[in-house]
Number of protein chains: 2
Amino acid sequence: MVHNFNAGPSILPHTVFEEASQAILNFNNTGLSILEIGHRTSLFEEVLNEAVSLVKELMKLDENKEVIFLHGGASTQFFQLPMNYLSKDKKAAYMDAGVWGTKAIKEAKRFGQVDVVASSKDRNYTYIPKDYAVPHEAVYFHYTTNNTIEGTQMHSIPNLSMPLVADMSSDILSREMDFNRFAFIYAGAQKNIGAAGVNLVVIDKKFLEKSSSTVPSMMDYKQHVSNGSMLNTPPVFAIYVCLLTLRWLKKMGGVAAIEKINQQKAGLLYDTLENIPLFHLPVAKEDRSLMNAVFTMNNEELEKKFLALCKAEGMVGIKGHRSVGGFRVSMYNALSLSSVEALVALIKDFGNKYA
Amino acid sequence: MVHNFNAGPSILPHTVFEEASQAILNFNNTGLSILEIGHRTSLFEEVLNEAVSLVKELMKLDENKEVIFLHGGASTQFFQLPMNYLSKDKKAAYMDAGVWGTKAIKEAKRFGQVDVVASSKDRNYTYIPKDYAVPHEAVYFHYTTNNTIEGTQMHSIPNLSMPLVADMSSDILSREMDFNRFAFIYAGAQKNIGAAGVNLVVIDKKFLEKSSSTVPSMMDYKQHVSNGSMLNTPPVFAIYVCLLTLRWLKKMGGVAAIEKINQQKAGLLYDTLENIPLFHLPVAKEDRSLMNAVFTMNNEELEKKFLALCKAEGMVGIKGHRSVGGFRVSMYNALSLSSVEALVALIKDFGNKYA
């Protein structure tokens, strides 16, 4: 039994693996593999249309939102977004609450003015900045909803007048949110949406109108929308895995239902860690992520022992990111409560033994 | 029995489907799916390293070549390349021999001077331009080795002094070529390399040195090379399918061996079509593609009948591109000779019946 706590690419529902595996041999009884079907066939059009419509349904998007699947991962959006909306005389506001936000800021600066209105760099990104002012002329405000590496999460949507842009790569579809408040949402698929190799973008029609029409075709959001994610050959299989994962989420009861389980999982883990002095939780309690729990020990030898023990018990992917150290336990939608329970049992044993 | 003549995404070897299907359930006996392994694990590093080394081996690349896998398909290279190498005072030369070349030219014009040194637009791209001069100051000469839509192929490498750049999306690894003569080669995977969702780039080290260092990180070839295709999360599964396909090609005897089969397949089809007056081959004989055979009939009713017959016999993907009409039979590496034989038998029957 393997428990996969990988930060991403990460665990997906087992039914998704089974269905994807089958579709590679024989997709929908066509006698063809999903890997060899043309993207301009009705076979794939149905896949894409259902995936888009499930995103709209699960996120409860209103009629003003367009949903597209793009190549390139969230890192491509770090520059594609400012390439479309910034120029020397235009300013965007960014929150700097972790590695990914920092990267997004770096790329945006190539295209226009960037105002970093809030940062938690002073305490190694262990909290989410709370009090900050955003200049009214900012064409958008950009933030990362969940900081995968640092284990922080923004639990409310900022109350701002300018268009909100969010990188939701590591917590999209994991909790109820008013997604309609955002002008632009993007998320690499490889946590809660599907496998690595595709990027989900939700864009408000009014915000779309303001995008550039002079950028290269592949950078042009309007062209991607008007071509229904088929401006060029889309990553067919990656989108199919999204469809399977979205179907699974719907079957599980949707975002509200999965949020309850996510709270149970994170609650159990954080409660356990809080009660064992051996472990240290660096993140401000109110900003803890439900997706990625980060913790450390004060003893390097014990850390190694704990890691070896986890490995022996089939617990995969719990080593912390090299920039933070310690441990990181990722608990995306597809991770079952029983995996967290197994880890918690191991943590308790370890705590008792080395207290 | 299905015969898949799709133009792309297209047929892959059956063993690739079987192995990919298995790896989704249990990758290398890890108990993990290939879809849930971290890209910074040794599990994936081995996949990537073997894929890169097989590309080098099969293409017989010298030590001056770097091999990377990028997001975004060939269409992204249409702008990423000129973004790196062109500016208002720099010129590139392009050949315009089909839809994809035309698109590449359009994107290049956004970044610098573009000299279209040769075009076959005058005869609807039914031939490859032969006599043309390329200005010596061109920073590169760009052409498409095989025109998927129009069914033409360039059977020799131009003898030019400036760096050669080629879009080899639809014929890479299908025939022996001195790949070392190119400064830059790119190819969407979804024909001869693997499934849709990843792009192969081969770049000469000297040409790499001349790339821009001020473009966005995801557009920066040097960063992709120095990060070994892992500047951001790569499309893990798509690269794994490349690896499986490359292994298959090696087992088949490599490029020289597959070229012989490709010549047999195309030879059989073209010979058959040439001898039946019902069918018309629009492409200049010396420029016919071994990968995509384009043909038409003079009778629309008969075309419909032929298409229906093919469909009834499990022949998939033979309808011509909407811009050309008629039929297109794609015969990539993974298509077996027996599929072409089956089609040829059907063509002969049809020819006899409606002669």
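Residues numbered from 1 in each chain as written. Chains lettered and ligands numbered in written order. Predicted model: local features only at pLDDT ≥ 70, side-chain atom pairs only at ≥ 80, totals over all residues.

A.B. asks: Tell me about the overall build of chain A, and please be specific about residues and values.
C.D. replies: Helix and strand content of chain A: ten helices and 14 strands. Overall, chain A is about 60 × 55 × 30 Å in size when its C-alpha atoms are taken along their principal axes. A buried classification covers 54% of the 355 residues belonging to chain A. Across chain A, the fraction of contacts at a sequence separation of at least 24, relative to all contacts at a separation of at least 6, is 66%. (Helix = DSSP H or I, 4+ residues; strand = E, 2+ residues; numbered from the N terminus. Buried ≥ 20, exposed ≤ 12 C-beta atoms within 10 Å, placed from the backbone. Contact = placed C-beta atoms within 7 Å.)

A.B. asks: How would you explain the domain arrangement of chain A if you had to name every residue and give the values?
C.D. replies: Residue and element names in this part refer to chain A. Its domain assignment divides chain A into domain 1 (14–251) and domain 2 (254–354). Between the C-alpha centres of domain 1 and domain 2 there is a distance of 27 Å. With 23 residues of domain 1 at the contact, the number on the domain 2 side is 23 residues. When contributions to the side of domain 1 that touches domain 2 are tallied by element, the ones reaching two or more residues are strand E6 (146–147), strand E7 (152–153) and helix H7 (236–251). (Domains from an automatic or database assignment.)

A.B. asks: How would you explain the nonpolar core if you had to name every residue and give the values?
C.D. replies: With 233 residues, the main nonpolar core has Ile 239 of chain A together with Ile 239 of chain B as its most contacted residues. When residues no more than four places from it in sequence are discounted, the contact partners of Ile 239 of chain A are Val 47, Leu 48, Ala 51, Phe 69, Val 198 and Pro 234 of chain A. (Core = buried A, V, L, I, M, F, W, Y, C linked by C-beta atoms within 7 Å.)

A.B. asks: I'd like a description of the relation of the copies chain B and chain A, backed by residues and values.
C.D. replies: You can overlay chain B on chain A at an RMSD of 0.0 Å; the transform is a turn of 180 degrees with a shift of 0.0 Å along its axis. Look at the turn and shift together and you get a two-fold axis relating the two. Looking at the rotation axis and the C-alpha trace of chain B, the residue lying nearest is Ser 21 of chain B, at 2.2 Å. When the interface residues of chain B are mapped onto chain A, 100% of them again fall at the interface, so both copies present the same face. (Least-squares fit on C-alpha atoms with pLDDT ≥ 70 in both.)

A.B. asks: Tell me what's going on with the interface of chain B and chain A, and back it up with residues and numbers.
C.D. replies: Interface size is commonly expressed as the accessible surface area that is lost when the partners come together. If you look at the interface, chain B gives 47 residues, while chain A gives 47 residues. Taken together, the elements giving at least two residues each to the side of chain B that touches chain A come down to helix H1 (14–25), helix H3 (73–85) and helix H7 (236–251) of chain B. Across the side of chain B that touches chain A, the residue classes break down as 23 nonpolar, 21 polar and three charged. (Nonpolar A, V, L, I, M, F, W, Y, C, P; charged D, E, K, R; others polar.)

A.B. asks: Could you give me a rundown of the environment of Glu 209 of chain B, with the residues and numbers involved?
C.D. replies: Residues and elements named next belong to chain B. Along the chain, Glu 209 turns up in helix H5 (residues 205–209). Of the residues examined, Glu 209 has 9 C-beta atoms within 10 Å and is grouped as exposed. Through-space distance from the C-alpha of Glu 209 to that of Lys 222 is 7.6 Å; in sequence the pair is 13 residues apart.

A.B. asks: Can you explain the environment of Asn 292 of chain A? Please cite residues and give values.
C.D. replies: Residue and element names in this part refer to chain A. Here Asn 292 shows up in strand E12 (residues 292–297). Sequence separation between Asn 292 and Asn 29 is 263 residues, and the spatial gap between their C-alpha atoms is 39 Å. For Asn 292, the contacting residues outside a window of four places in its chain are Ala 7, Thr 148, Gly 151, Ser 170, Arg 328 and Ser 330.

A.B. asks: Could you give an account of H7 of chain A, naming the residues involved and the relevant values?
C.D. replies: Between its first and last C-alpha, H7 of chain A extends 23 Å over 16 residues, near the 22 Å set by a 1.5 Å rise per residue. Val 236, Phe 237, Ala 238, Ile 239, Tyr 240, Val 241, Cys 242, Leu 243, Leu 244, Thr 245, Leu 246 and Leu 249 of chain A are the residues of H7 of chain A that are buried. The elements touched by buried residues of H7 of chain A are helix H1 (14–25), helix H2 (42–58), strand E2 (65–70) and helix H8 (254–274) of chain A together with H7 of chain B. Of the residues trailing H7 of chain A, Gly 253 of chain A is marked for its positive phi of about 110 degrees. (Expected span 1.5 Å × (residues − 1).)

A.B. asks: Describe unusual backbone geometry, naming the residues involved and giving the relevant values.
C.D. replies: All names here are of chain A. Cis geometry is adopted by the peptide bond preceding Pro 9, which originates at Gly 8 and carries an omega value of 0 degrees. Mapped onto the elements, Pro 9 comes out in the loop between strand E1 (3–4) and H1. A positive phi angle, close to 65 degrees, is found at Ser 229, a residue other than glycine. Looking at the element boundaries, Ser 229 is found in the loop between helix H6 (221–226) and H7. Look at Ser 229 and you get buried, because 23 C-beta atoms sit within 10 Å.

A.B. asks: Hey, could you go over the packing of helix H8 (residues 254–274) of chain B against helix H10 (residues 337–354) of chain B for me, with residue numbers and the actual values?
C.D. replies: All names here are of chain B. For the pair H8 and H10, the least separation of the axes is 10 Å and the interaxial angle reads 5 degrees. Classed by the angle they form, the pair H8 and H10 counts as roughly parallel. Mapping the contact onto sequence places Ile 261, Gln 264, Lys 265, Leu 268, Leu 269, Thr 272 and Leu 273 in H8 and Leu 337, Val 340, Val 344, Ile 347 and Lys 348 in H10. Along the lines of polarity and charge, the residues of the contact of H8 with H10 split into eight nonpolar, two polar and two charged. (Axes fitted to C-alpha atoms, helices over the stretch in contact; angles between N-to-C directions. Parallel < 35°, antiparallel > 145°, perpendicular 65-115°, else oblique.)

A.B. asks: Help me get a handle on the pairing of strand E10 (residues 199–204) of chain A, residues and values and all.
C.D. replies: Residue and element names in this part refer to chain A. With six of its six residues buried, E10 lies for the most part within the structure. Here E10 shows no split at all, with Asn 199, Val 201 and Ile 203 on one side and Leu 200, Val 202 and Asp 204 on the other all buried. Strand direction decides the pairing type here: E2 and E10, joined by six bridges, are antiparallel. By the bridge assignment, Phe 69 is partnered in E10 with Leu 200. (Pairing = 2+ DSSP bridges.)

A.B. asks: Got a sec to walk through the sheet that holds strand E3 (residues 91–96) of chain A? Specific residues and values, please.
C.D. replies: Residues and elements named next belong to chain A. Across the sheet, which stays open at both edges, the seven strands sit in the order E2-E10-E9-E8-E5-E3-E4 with mixed pairing between neighbours. Edge positions in the open sheet fall to E2 and strand E4 (113–119), since each of these has one partner strand only. For this sheet, the mean angle separating the axes of adjacent strands, direction not counted, is 20 degrees. Here six bridges tie E3 to E4, and the two strands are oriented parallel to one another. Counterpart to Ala 92 in the pairing with E4 is Val 114.

A.B. asks: Lay out the sheet that holds strand E3 (residues 91–96) of chain B in plain terms, naming residues and giving numbers.
C.D. replies: Residue and element names in this part refer to chain B. With mixed pairing, seven strands are arranged side by side in an open sheet as E2-E10-E9-E8-E5-E3-E4. Both edges of this open sheet fall to strand E2 (65–70) and strand E4 (113–119), since each of them pairs with a single strand only. For this sheet, the mean inter-axis angle between neighbouring strands, taken without regard to orientation, is 20 degrees. Here strand E8 (residues 164–167) pairs with strand E9 (residues 184–188) via three bridges, running parallel. Its bridge partner being in E9, Ala 166 is matched across the sheet by Ile 185. Running over the sheet, H3 touches E3, E8, E9 and strand E10 (199–204) and is turned about 155 degrees from E9.

A.B. asks: So, H8 of chain A: which residues are in play, and what are the values?
C.D. replies: Residue and element names in this part refer to chain A. The terminal C-alpha atoms of H8, which comprises 21 residues, lie 30 Å apart, in line with the 30 Å expected from a rise of 1.5 Å per residue. Val 255, Ile 258, Asn 262, Lys 265, Ala 266 and Leu 269 are the residues of H8 that are buried. The buried residues of H8 occupy an angular sector of 95 degrees when projected down its axis, which confines them to one face. Turned more than 90 degrees away from the buried face of H8 sit Ala 256, Lys 260, Gly 267, Asp 271 and Glu 274, all of them exposed. For H8, the elements touching its buried residues are H2, H7, E12, strand E14 (327–330) and helix H10 (337–354). (Arc of directions from axis to C-beta.)

A.B. asks: Talk me through the packing of helix H9 (residues 300–312) of chain B against H10 of chain B; I want residue IDs and the actual numbers.
C.D. replies: In a packed pair of helices, the relevant descriptors are the angle between the two axes and the axis-to-axis distance. Residues and elements named next belong to chain B. H10 packs onto H9 with a crossing angle of 145 degrees between their chain directions and a minimal axis gap of 11 Å. Judged by the twist between their axes, the crossing of H9 over H10 is right-handed. Contact residues: H9 offers Leu 302, Phe 306, Leu 309 and Cys 310, while H10 offers Leu 346, Phe 350 and Tyr 354. Classifying every residue of the contact of H9 with H10 by side-chain character gives seven nonpolar, no polar and no charged. (Left-handed = near helix turned anticlockwise from the far one by under 90°.)

A.B. asks: Mind laying out the environment of Arg 288 of chain B, listing which residues take part and the relevant values?
C.D. replies: All names here are of chain B. Note on placement: Arg 288 falls in the loop between strand E11 (279–280) and strand E12 (292–297). Residue Arg 288 is classed as buried on the basis of its 21 C-beta neighbours within 10 Å. In the structure, Arg 288 is positioned 16 residues away from Lys 304 in sequence and 24 Å away in space, judged by C-alpha atoms. Apart from the residues within four sequence positions on either side, Arg 288 is in contact with Gly 151, Gln 153, Tyr 270 and Val 283.

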